[in-house]
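Inside the fold
Next come the chains, spelled out residue by residue.
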Amino acid sequence: MLTYILNWISLPVLLITTAAGLLIVYYLERPKNLAPGPIGFPLVGYLPFLGPQPHVTLFNLAKRYGDILSFTVWGKTFIHLNSYSVILDAYLEHGDMFAGRPQDFSFFWWLTDGLGIVQSEGKIWQEHRRFALKTLRDFGFGKLSLEGRVLEIAKDILNALKQTYETPYDMSNLLANSTTNVICSLMFDKHYNYQDPEFLKARSLTQRFFLLLPGINAFIPRPFARYVPWSLLSKDYRDFAAVKKEFYEMMDEFIKEHQETFNETCLRDYTDVYLDTMRKADSSESFSLERLKAIGLNMFLAGTETTSNTLYWGMKLMTLHREIQDRVYKEIVEVVGKERFPSMVDRYNMPYTEATLMELQRFANISPLSIFHCNPVETTLRGYTIPKRSVILANLWNVHRDPIHWPNPDKFDPLRFLDQDGKVIKREGFIPFSVGKCIYISQKKKSNHQKYQRIE
Ligand SMILES: *[C@@H]1O[C@H](CO)[C@@H](O)[C@H](O)[C@H]1NC(C)=O
Ligand SMILES: *[C@@H]1O[C@H](CO)[C@@H](O)[C@H](O)[C@H]1NC(C)=O
């Protein structure tokens, strides 16, 4: 009997029927009135086509499907926003609708067990963001000052450059070391010599992390992933798990040391302020040691590579554009001189340098798809239904190269940001830190400096 059926259903027929069945299910499940977009395979969806540079793939698709397009990966709806105006529409006009974060099980979720600032939303996110902003602001000036810490480490850079005796020198390691040291200083009040074994550990963990990262489809949520025995299947996973474990052990040691030497009249760094807040917080609040470790991990991973890459781009562009370098140098010498270090308050007297830094952020585009957002409830945007808990991607890479805002976008030209009187202008379409409620903490820090300046 069985053989009879098997003979009767030939393999091709079986395959075709199954495929057709899956496609029908797929279309029936597709929400009505969704933004148009490409069709992928059943299950994996569009994942196999995203390629190594998803922001470029999606930008090209937007030419066909428009500024809002949708696709699915593992049954999850992704919404891609391609232009400045549609990003403003979503994140400013409808900011409350899109203030969530994808909470699905993904690589980054796994990394911090869902506890990092970047993974939180709602009340917890507000609490910790408020804490982060307040802490960084209170560091303002004085011993704890972020600026003071950065300048100390800038001195190391100068000393290292002096050692090169004007021979050609690749600064990438030096810059990466320095940004790691800034985070060590901010989090744990440690300003390391680069030969220090503790520093070596922090640095090599960050380095290993970023070497492994391209091997992982980092941002794609995988609904079933937590049930897969990855440690048996994937070497990348085992390596990542080792990095994660060592990171947490390092945090443990730092935090233990801080608890032992804690003195409430003399808070030294972010960790001390957090421990102090934890002591005073009531139990309804979400401050915990586990979360402090996750935030430490966030700081190391989000605060080092991004900054050192931007600096590295800066060095590279300055060498490629000597005339711009000369003009920046001239302004620095005029305003700051050669006797002291610059300070954030100098920036208002240095429009050309400021414009150069802005153009650098536009041009380098180090965060092409920004941080992903999510809509906690179903909503609509420009007439399209956005299903509950879609993953929202804003293509900042395209915004910063869109000829509507940037004629000749591939040209590095600080003058875009200056008016005829040489004053810095705010340009439409310049959103290196994205817009809206989830604006990066580093952007906020800058506006605090503006406040200080006005007070003075
Ligand atoms: C960067 O730090 C590593 C690890 O401590 C050290 O071995 C290396 O010499 C440093 N490089 C530079 C250029 O500072
Ligand atoms: C805590 O710091 C204050 C002020 O710096 C100091 O006077 C005090 O002795 C310290 N307390 C302890 C237990 O170290």
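Values in this document were obtained by computation on a predicted structure and should not be read as measured data. (Residues numbered from 1 in each chain as written. Chains lettered and ligands numbered in written order. Predicted model: local features only at pLDDT ≥ 70, side-chain atom pairs only at ≥ 80, totals over all residues. Heavy atoms only, no water.)

1. Topic: the overall build of the protein chain
When helices and strands are counted, the protein chain shows 18 helices and six strands. Counting all 456 residues of the protein chain, 45% fall into the buried class. For the protein chain, contacts bridging at least 24 residues in sequence account for 69% of all contacts bridging at least 6. (Helix = DSSP H or I, 4+ residues; strand = E, 2+ residues; numbered from the N terminus. Buried < 20%, exposed > 50% of the residue type's maximum accessible area, 1.4 Å probe, protein only. Contact = heavy atoms within 4.5 Å.)

2. Section: the site of ligand 1
Ligand 1 sits among Tyr 169, Asn 173, Leu 174, Asn 177, Tyr 194, Phe 199 and Leu 200. In the model, an oxygen atom of ligand 1 is placed 2.5 Å from a nitrogen or oxygen of the Asn 177 side chain. Tyr 194 is positioned such that a nitrogen or oxygen atom in its backbone is 2.4 Å from an oxygen atom of ligand 1. In the complex, the protein chains occlude 68% of the 360 Å² of accessible area that ligand 1 would expose alone. Of all the elements in the fold, those that place two or more residues in the shell around ligand 1 are helix H8 (172-188) and helix H9 (197-212). Counting residues per element, the shell around ligand 1 draws most heavily on H8, which supplies three residues. Looking at the shell around ligand 1 residue by residue, the class counts come to five nonpolar, two polar and no charged. (Near = heavy atom within 4 Å. Polar contact = N/O pair within 3.5 Å; in protein donor to acceptor, adjacent residues only side chain to side chain. Areas by Shrake-Rupley, 256 points an atom, 1.4 Å probe, with all protein chains shown as cover. Nonpolar A, V, L, I, M, F, W, Y, C, P; charged D, E, K, R; others polar.)

3. Focus: the sheet that holds strand E2 (residues 76-81)
The strand order E1-E2-E6-E3 describes an open sheet built from four strands, whose pairing is mixed. Pairing within the sheet leaves two strands with one partner each, and these edge strands are strand E1 (68-73) and strand E3 (373-374). In terms of strand pairing, E3 meets strand E6 (residues 391-394) through two bridges, oriented antiparallel. Following the sheet pairing, Cys 374 is matched in E6 by Val 391. Together, E1, E2 and E6 form the strand contacts of helix H3 (residues 54-65), whose direction differs from that of E1 by roughly 125°. Across the sheet, helix H4 (residues 84-93) touches E1, E2, E3 and E6, and the angle it forms with E2 is around 125°. (Pairing = 2+ DSSP bridges. Axes fitted to C-alpha atoms, helices over the stretch in contact; angles between N-to-C directions.)

4. Considerations on the pattern of salt bridges
For the structure shown, the criterion picks out 20 salt bridges. Measuring nitrogen to oxygen at the nearest pair gives 2.6 Å for the salt bridge that ties Arg 268 to Asp 272. The class for Arg 268 is buried, based on a relative accessible area of 17%. By relative accessible area, Asp 272 is classed as buried at 0%. (Salt bridge = Lys/Arg side-chain N within 4 Å of Asp/Glu carboxyl O.)

5. As for the packing of H9 against helix H11 (residues 235-260)
Across the interface, H9 lies against H11 with an axial gap of 10 Å and an inter-helix angle of 150°. In terms of orientation, H9 and H11 fall into the roughly antiparallel class. Where H9 crosses over H11, the handedness of that crossing is left-handed. Here Glu 198, Lys 201, Ala 202, Leu 205, Thr 206, Arg 208, Phe 209 and Leu 212 of H9 lie close against H11, whose contacting residues are Asp 236, Asp 239, Phe 240, Ala 242, Val 243, Glu 246, Phe 247, Met 250 and Phe 254. Class assignment for the residues of the contact of H9 with H11 results in 10 nonpolar, one polar and six charged. (Parallel < 35°, antiparallel > 145°, perpendicular 65-115°, else oblique. Left-handed = near helix turned anticlockwise from the far one by under 90°.)

6. With respect to H8
Working note: α-helix, 3.6 residues per turn, so residues spaced by three or four point in the same direction. Its 17 residues place the ends of H8 24 Å apart at the C-alpha level, agreeing with the 24 Å of an ideal helix rising 1.5 Å per residue. By the criterion of burial, H8 is predominantly enclosed, with 15 of the 17 residues buried. In the stretch just after H8, Asp 189 is the one whose phi turns positive, near 55°. (Expected span 1.5 Å × (residues − 1).)

7. Here we look at the packing of H11 against helix H13 (residues 289-303)
One can describe the packing of H11 onto H13 by two numbers: an axis separation of 10 Å at closest approach and a directional angle of 120°. It follows from the interaxial angle that H11 and H13 lie oblique. Along this stretch, H11 crosses H13, giving a crossing that reads as right-handed. Counted together, Phe 247, Tyr 248, Met 250, Met 251, Asp 252, Ile 255 and Gln 259 of H11 and Leu 289, Leu 292, Lys 293, Ala 294, Gly 296, Leu 297, Phe 300 and Leu 301 of H13 form the full contact between these two elements.

8. What about the pairing of E1?
Counting buried positions over the six residues of E1 gives six, a clear majority of the element. Residues of E1 alternate between two faces, with Ile 68, Ser 70 and Thr 72 on one and Leu 69, Phe 71 and Val 73 on the opposite face, all of them buried. With six bridges connecting them, E1 and E2 associate as antiparallel partners. Paired with Leu 69 across the two strands is His 80, which belongs to E2. If you look at the hairpin formed by E1 and E2, you'll find two residues sitting between the two strands, and Trp 74 has a positive phi there, around 50°.

9. Observations regarding the environment of Lys 388
Structurally, the position occupied by Lys 388 is in the loop between strand E5 (384-386) and E6. With 311 residues separating them along the chain, Lys 388 and Thr 77 place their C-alpha atoms 9.0 Å apart. The residues contacting Lys 388, other than those within four sequence positions of it, are Asn 375, Pro 376, Val 377 and Glu 378.

10. Regarding H3
Compared with the 16 Å implied by 1.5 Å per residue over 12 residues, the 16 Å span of H3 between its first and last C-alpha is a close match. Lining the buried residues of H3 we find E1, E2, E6 and helix H17 (396-399). The positive-phi residue at the C-terminal boundary of H3 is Gly 66, with phi of around 105°.

11. Topic: unusual backbone geometry
Of note, the phi angle at Asp 189 is positive, near 55°, even though the residue is not glycine. Inspection of the secondary structure assignment puts Asp 189 in the loop between H8 and H9. Even without glycine at this site, Asn 365 takes up a positive phi of about 50°. Mapped onto the fold, Asn 365 is located in the loop between helix H16 (351-364) and E3. Judged by its relative accessible area of 10%, Asn 365 falls in the buried class.

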